[in-house]
Amino acid sequence: MTSQLPDAIRQQLADLALELDDHSHGTIACEVLRTLVAISQSNADSGDWELINGTLADMAEALDVFQPHRQIRKVAIFGSARTPEDDPVYALTVDVAAQAVACGFEVMTGAGPGVMEAANRGAGAGQSFGLNVQLPFEQSANPFIDGDEKLLTFRHFHTRKLFFLRETDAIVVMPGGFGTLDELFEGLTLIQTSKNPPVPIVLLCPQGDDYWERWHSYVDRALLDRGLISAEDNGLYTTASTAEEALHQIQDFYRVFHASRFRGEHLQLLLHYELPASELHEINARFQDLLLGGTITSLLCQDESGRSRHCLEFWFNQTKVGRLYALIQYLNNLTLPGTGQQQQPLRSLGQAA
């Protein structure tokens, strides 16, 4: 038995169709509506629709909060909610968040206690975001982000994770439990599979703390030795023991490299500087294994904000993301005209690969 749409809803749909006629992304918006109609014609039950509604509501609220800050690079800081204030990890988190802000970044955390509180505390409410999540038990935001307009409370973990990675330009991971390692492995997985653009991942803990040394040993023995990851995959992350070292690694990642994006089958690496022909020849010789065919070419393109940028374009073998990080590192180590000047941590609007 089919139910008829009320006249009020029919009128709302007609009005929406008129609005989409003049919408800059009207074609994609119509595809979204078609998808919803297709779901409505399936056997989706009330639980399915609650999931859809909650997911879309999460996304609408998050997009509204992040949109005004899109051109400012952000650092996501992950770590344990159980870290006490007198733990050296807490103090180091405060320090790295404060230094990130001093370098021009904004900071993103999970809005809870422990490391999340330390990060919001170090960054200050004006320069930090809190991505909280509704839980069956009470999860109130820490006092350093509570009440701020940049505090979001997600209905679902999957939308929360989506925005953590979608909006960040660097990831700092402090010692933590299951949730922290889940966030780390998800970031590594999405980057390794080219579902997330390359960003620096820094594993940070105080000098003398062997947390990440033991984790790395596990990864080598349980994953690398069995052939479950490639040796180059270790290049997806770095380690640090001070806030200065962590920020140095993050800033160096964007010294020459600016952002990446796919254009059809080809990957573009947007750069701050033009490469001389001799360097392009050397890059082709060193990184031939990144290619499925053709060569690495240099061209001038526009980023999503309309700014002209030099970029490298090539048919990328997406199983070689670890080697892609090696190419980015090679680029960032080049001495080029103007590279001595500190770059402001601004991003283009179209960073995602």
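Everything quoted here is computed from the prediction, not taken from an experiment.

**With respect to the overall build of the chain**
Phase 1: Looking only at helices and strands, the chain features 11 helices and 11 strands.
Phase 2: Relative to a compact globule of 353 residues, whose C-alpha radius of gyration would be 20 Å, the chain shows 22 Å and is just as compact.
Phase 3: Overall, the chain is about 65 × 55 × 45 Å in size when its C-alpha atoms are taken along their principal axes.
Phase 4: Scored against the burial criterion, the 353 residues of the chain give a buried share of 45%.
Phase 5: Put simply, of all contacts in the chain between residues at least 6 apart along the chain, 69% involve residues at least 24 apart.

**Observations regarding the packing of helix α4 (residues 88–102) against helix α9 (residues 243–253)**
Two numbers describe a pair of packed helices, the interaxial angle and the distance between the axes.
Phase 1: Across the interface, α4 lies against α9 with an axial gap of 9 Å and an inter-helix angle of 40 degrees. If you check the angle between α4 and α9, you find them oblique. Considering how the two elements wind past one another, α4 and α9 form a crossing that is right-handed. Across from Leu92, Asp95, Val96, Gln99 and Ala100 in α4, the residues of α9 making contact are Ala243, Glu244, Ala246 and Leu247.
Phase 2: For the contact of α4 with α9, a count of residues per class yields 6 nonpolar, 1 polar and 2 charged.

**Considering the packing of aromatic side chains**
For any pair of aromatic rings, the description rests on two quantities: the centre-to-centre distance and the angle between the ring planes.
Phase 1: In the structure shown here, the tally under the stated rule is 14 aromatic pairs.
Phase 2: For the pair Phe78 and Phe164, a centre-to-centre distance of 4.9 Å together with 70 degrees between the ring planes defines the contact as edge-to-face. In this pair, Phe78 is assigned in strand β1 (residues 74–78) and Phe164 in helix α6 (residues 157–167), connecting sequence segments 86 residues apart. Residue Phe78 shares its accessibility class with Phe164, and that shared class is buried.
Phase 3: Ring geometry for Trp212 versus Trp215: centroids 5.6 Å apart, planes at 85 degrees, classification edge-to-face. Of this pair, Trp212 and Trp215 both sit in helix α8 (residues 211–224), 3 residues apart, which is roughly one turn of the helix. Per residue, the accessibility class of Trp212 equals that of Trp215, and both read buried.
Phase 4: Put simply, the rings of Phe185, Tyr211, Trp212, Trp215 and Tyr237 pair up and form one aromatic cluster.
Phase 5: The ring of Tyr254 has Arg73 sitting right over it, with the charged end atom 3.8 Å from the ring centre.
Phase 6: Positioned above the aromatic ring of Phe129 is the side chain of Lys150, whose terminal nitrogen or guanidinium carbon lies 5.8 Å from the ring centre.

**A closer look at the nonpolar core**
Phase 1: Of all hydrophobic cores here, the largest spans 57 residues; its most connected members are Leu269, Phe314 and Leu331.
Phase 2: Here this core gets 7 residues from one element, more than from any other, and that element is helix α11 (residues 321–332).
Phase 3: Not counting residues within four places of it along the chain, the set of residues in contact with Leu331 comprises Val256, Leu269, Leu271, Leu275, Ile283 and Leu312.
Phase 4: Among the nonpolar cores identified, the runner-up in size contains 22 residues, and Leu92, Val96, Phe105 and Ala240 belong to it.

**Structural notes on the pattern of salt bridges**
Phase 1: For the structure on display, the rule yields 15 salt bridges.
Phase 2: We note a salt bridge from Glu31 to Arg34, for which the minimum N-O separation is 2.8 Å. Placement of both Glu31 and Arg34 in helix α2 (residues 26–40) is noted, with a separation of 3 residues, approximately one turn of the helix.
Phase 3: By relative accessible area, Glu31 is classed as partly exposed at 43%.

**Things to note about the sheet that holds strand β7 (residues 238–240)**
Phase 1: Strand order in the open sheet formed by 7 strands is β4-β3-β2-β1-β5-β6-β7, with parallel pairing between adjacent strands. Every interior strand has two partners, whereas the edge strands, β4 (151–154) and β7, have only one. Between one strand and the next, the sheet's axes are offset by a mean angle of 25 degrees, whatever the strand orientation.
Phase 2: Sheet topology places strand β2 (residues 106–109) next to strand β3 (residues 128–133); 3 bridges connect them, and they run parallel. The partner of Met108 across the bridge, within β3, is Phe129.
Phase 3: Taken strand by strand, α6 contacts β1, β2, β3, β4 and β5 (170–173), and its axis lies near 160 degrees from that of β3.

**Topic: the confidence of the model for the chain**
Phase 1: For the chain, per-residue confidence averages 91 on the pLDDT scale, and residues scoring 70 or more make up 93% of the total.
Phase 2: Note on residues 349–353: pLDDT under 50 across the span, and 22 contacts to partners over four residues away in sequence or across chains.

**With respect to the sheet that holds strand β9 (residues 266–271)**
Phase 1: Read across the sheet, 4 strands follow the order β8-β9-β11-β10 without closing on themselves; strand pairing throughout is antiparallel. Each end of this open sheet is capped by a strand with a single partner; those strands are β8 (257–263) and β10 (291–302). The sheet shows a mean angle of 20 degrees between the axes of neighbouring strands, direction not considered.
Phase 2: In this structure, β9 lies alongside strand β11 (residues 308–316), joined through 6 bridges in antiparallel fashion. By the bridge assignment, Gln268 is partnered in β11 with Glu313.

**Remarks on the pairing of strand β6 (residues 201–204)**
Phase 1: Side chains Ile201 and Leu203 of β6 all project onto a buried face; the interleaved residues Val202 and Leu204 project onto the opposite face, where all are buried too.
Phase 2: The sheet contact formed by β5 and β6 spans 3 bridges and is parallel. Looking at the pairing, Ile171 lines up with Ile201 of β6.
Phase 3: Crossover handedness for the path β5 to helix α7 (residues 178–192) to β6: right-handed.
Phase 4: Crossover connection from β6 via α8 to parallel β7: handedness right-handed.

Conventions we followed
- Residues numbered from 1 in each chain as written.
- Predicted model: local features only at pLDDT ≥ 70, side-chain atom pairs only at ≥ 80, totals over all residues.
- Heavy atoms only, no water.
- Helix = DSSP H or I, 4+ residues; strand = E, 2+ residues; numbered from the N terminus.
- Rg over C-alpha atoms; globule rule 2.2 N^0.38 Å.
- Buried < 20%, exposed > 50% of the residue type's maximum accessible area, 1.4 Å probe, protein only.
- Contact = heavy atoms within 4.5 Å.
- Axes fitted to C-alpha atoms, helices over the stretch in contact; angles between N-to-C directions.
- Parallel < 35°, antiparallel > 145°, perpendicular 65-115°, else oblique.
- Left-handed = near helix turned anticlockwise from the far one by under 90°.
- Nonpolar A, V, L, I, M, F, W, Y, C, P; charged D, E, K, R; others polar.
- Phe/Tyr/Trp six-rings, centres within 6.5 Å; stacked < 30°, edge-to-face > 60°.
- Lys NZ or Arg CZ within 6 Å of the ring centre and 35° of its normal.
- Core = buried A, V, L, I, M, F, W, Y, C linked by side-chain atoms within 4.5 Å.
- Salt bridge = Lys/Arg side-chain N within 4 Å of Asp/Glu carboxyl O.
- Pairing = 2+ DSSP bridges.
- pLDDT = per-residue confidence, 0-100.
- Right-handed = clockwise from strand over helix to strand, strands pointing away.

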